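One-letter residues, chain by chain:
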Amino acid sequence: MVRSNMADSSLRSTRDALMDDRTLRGEAFCRALSDHTDTWLAGIAEQASDANPRRLVLLAVGGYGRQELCPYSDLDLVLVHEGRRDIKKVADALWYPVWDEGVHVDHAVRRPKEVLNAASGDLRVALGLLDARVVWGDQKVAEPLIAKVRQLWRSSLAADFLPALEEQMVKRHHDEGDVAFLLEPNLKEAHGGLRDVSVLRALPSCAPRLSELVDLEVIKGAASTLTSVRVELHRNARRALDKMLLQEQDAVARSLDYADADALCRAVSEAGRSIARLSDETWRRRRLWAPGASMFSSDGSDRLDVEEGIVVVNGEVTLASAADVSHDASLIWRIGAVAAERDLPIALGAVHRLADKVTEPSDPWPTELRDSLVRLLLLGRAAIAPFESLDHVGVVSRLVPEWEHVRYHHQRNAYHRFTVDRHLLETAANASELVGTVDRPDLLVIGALFHDIGKGLPGDHTELGIELMGTLGTRMGFDVTDVATLQALVRYHLLLADTATRRDLSDPRTIQTVAELVGDRTTLHLLGALTKADSLATGSSAWGGWKEQLVRDLVERTDAYLAGRTPASTSSPTPPENQAALAEARLSGAPVVLLEPPSVVVAAPDRPGLLADVAGTLALNGLDVHAANAESVDGVALDIFTVELAGGRWPEAATLRADLLGVLRGEIDLARRLETRSATYASARQTWSAHPVISSVVIDNDASLDCTIIEVRAADEIGLLHRLTSCLFGSGLDVNAARVATIGGEVIDAFYVRAPGGEKLTDPGHLREVKGALEGILSGSSAAGVEQG
């Protein structure tokens, strides 16, 4: 029997004391908290049972059973009895003190037979019992029960539950993504997380033959890394927190003595990738665990020769024994391509053989080597898994040394969902679906894979990437013209998206500038496809219908220019509904609002600052402005906005009109209302980047034929567009158009303005006045720097 006296301190105070000891980290913390919890619970149970544990045992199951208690983990407990009449009294006396401590406990009271019945019908219960251990009580009750649970798994539960467990795992991975590649991974539930570790450790108990296939020791270090980070997340947040939030990463890195948060994120990515790889490999072999299943034949009878040096054996792609690994580097890409084409894994032995034997290829690469990489990339999303299998053991960096500094590299802003290496693979996969829109599919997928190759190094990633692409393209055997095109893809991979969202596409100078930069139609179409592929791989906020249409229009107009045709006009006759709105506003002297998402049209008697008032009214109603165009027809303004719903429900047009009327009549203090709304939602705003946004103002008199462009960069805030446009009107400028691009937590507002006489803004004194006024707006939230171009 296991007995203990009741602890002197409460469980909560003991936990807090352990958390205050910063030298106690990771698995050591978990064991210490588990031991103290055991002691405390044993004392409670001893008192609750009147020091009589006969035919009674308290079991820790699940994570507590494995002694994996993080600071705010739940306690999973089962009180097992063999027909004790006082069981209700004992149970109440046990659970109430736990509840009083504020600890969340998942508990049950059962007879041994009831435990086995519950395990037979509930996967979660059955898994938890695999880790059962005695906290207090009668070992004679516990030992046969635990043995029967394990026997039950082996005799029937494995066959019944493993398919369901795999289904749950697939859904969990789909919902949570990958620890290895996400900015803010869920360390417990994501692919490569601690839940996968728990399952892997449990499987040998229910499927003993698994130990013949997979060495679970290889993930001990990875699991320890994730546990250490999870403990610090709980410790710093003072609550259960399993998601490695951006705002917590610096503090966790300091607590665990990493050089910085980037080093922490890299370690987490490496750990997640190791765990995910073992988990994937294990589940692929699940058919070996079923009772009566035989091991695959060792004589190679289940063999298919696919191409030179590559065979399929027992459902895996592997190397032929005669494959010339030391002299044929193309085997790396070819084995990946065969795996992708057949939706099969690459055998671990083949991957390690490549890692051990492959040597650096000649410079330039043989044509077959380059073509085999293109072949793999053109297979799209199916290429990602085999590419990562090869990258995991370092063979990708063997062929492409430039790849090493993008591996596991986190960009640490919420605009980018993935690490750089996974982002590049996702971009290449997206690009493979767009090869029908370009003349050179090979340049598209190679350019997509390496467009951000300059990241992970100090300096401007685009400038570095251009240089690296020149070296890499030449090494891969592309000719001078193709290398120049690949460098152009790196140099201008942001050009189309930036221009489409920040410039007026109806301005001929915009189209001329883009055409002069890209140079030819082949490069333009490659950039068009790369822009879409890159944006889709970046994150949900980087691509949408509005942006796609703008980029398409820009490509079509630039293509016409390069082909010597007149670009189609983006302007069109005023729609009848807008004409009717103008007429109604003119007749009534009051604003008219038309709302058809994502467009908002406002017709109103023209007045200075009207655009600012409308922008502020839209922000007040939860609408983010992406674009604004203003014109005046016989004293009536027609302001057309492209908007996006920031959250909640779309407002009614009547609500927008009523609020705008209130603003125009002075009945609504717009500035104060926006300030209140901003303060209300400030705490709920996402932390977008680990690095502060540096505000700036750039004034450009060359990019437009007849307007001065003022481009403002700042941290995104509710009502910012209203304040900026109010400032411009206050400086005596007319705003003809505005373009608003939001990149994570940064907003880039481009205003097309004219001086009071309709000309560009050229007077030096007026320029200084406008710059100073905008600096004053920006200085309230971040450091402002002003540049003039």
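Residues numbered from 1 in each chain as written. Predicted model: local features only at pLDDT ≥ 70, side-chain atom pairs only at ≥ 80, totals over all residues. Heavy atoms only, no water.

A. Highlighting the sheet that holds strand S4 (residues 133-137). Read across the open sheet, the four strands follow the order S3-S2-S1-S4; overall the sheet is mixed. If you trace the sheet from one side to the other, it starts and ends with strand S3 (105-110) and S4, each paired once. On average, each strand axis in the sheet is tilted by 25° relative to the strand beside it, whichever way the strands run. Two elements, strand S1 (residues 56-60) and strand S2 (residues 75-81), share five bridges in a ladder whose sense is antiparallel. Within S2, the position partnered with Leu58 by the bridge is Leu79. Relative to S4, helix H2 (residues 26-48) is tilted by about 35°, and along the sheet it contacts S1, S2 and S4. (Pairing = 2+ DSSP bridges. Helix = DSSP H or I, 4+ residues; strand = E, 2+ residues; numbered from the N terminus. Axes fitted to C-alpha atoms, helices over the stretch in contact; angles between N-to-C directions. Contact = heavy atoms within 4.5 Å.)

B. Broad picture of unusual backbone geometry. Of note, the amide linkage connecting Asp363 to Pro364 takes the cis form, showing an omega dihedral of 5°. One non-glycine residue, Asp50, adopts positive backbone phi at about 55°. Here Asp50 shows up in the loop between H2 and S1. Even without being glycine, Asp634 reaches a positive phi, approximately 50°. Following the sequence through the fold, Asp634 ends up in the loop between strand S10 (623-633) and strand S11 (636-645). Assessed through its relative accessible area of 69%, Asp634 is described here as exposed. (Buried < 20%, exposed > 50% of the residue type's maximum accessible area, 1.4 Å probe, protein only.)

C. Seen up close, the pairing of S4. Along S4, five of the five residues are buried, which leaves the element largely enclosed by surrounding structure. As paired strands, S1 and S4 are joined by four bridges and run antiparallel to one another. The residue bridging Ala60 from the neighbouring strand is Arg133, located in S4.

D. Examining the nonpolar core more closely. Formed by 84 residues in total, the largest nonpolar core has its most connected members in Trp333, Ile335, Leu354, Trp403, Ile446, Leu449 and Phe450. Counting residues per element, this core draws most heavily on helix H12 (residues 330-342), at eight residues. If sequence neighbours within four positions are ignored, Trp403 has contacts with Phe387, Asp391, Val396, Ser397, Asp421, Leu424, Leu449, Phe450 and Ile453. If you look at the next biggest cluster of nonpolar residues, it comprises 59 residues, including Val61, Leu145, Ile219 and Leu245. (Core = buried A, V, L, I, M, F, W, Y, C linked by side-chain atoms within 4.5 Å.)

E. The arrangement of the side chain of Arg277 in detail. Within the secondary structure layout, Arg277 lies in helix H11 (residues 261-284). Lacking a salt bridge, the buried Arg277 has Glu281 as its closest oppositely charged neighbour, with an N-O distance of 5.8 Å. Sequence-distant contacts of Arg277, that is, excluding residues within four places in its chain, are made with Leu348, Val351, Ser389 and His392. (Lys, Arg positive; Asp, Glu negative; His and termini not counted. Salt bridge = Lys/Arg side-chain N within 4 Å of Asp/Glu carboxyl O.)

From the geometry alone we can't say anything about function, so treat these as descriptive.
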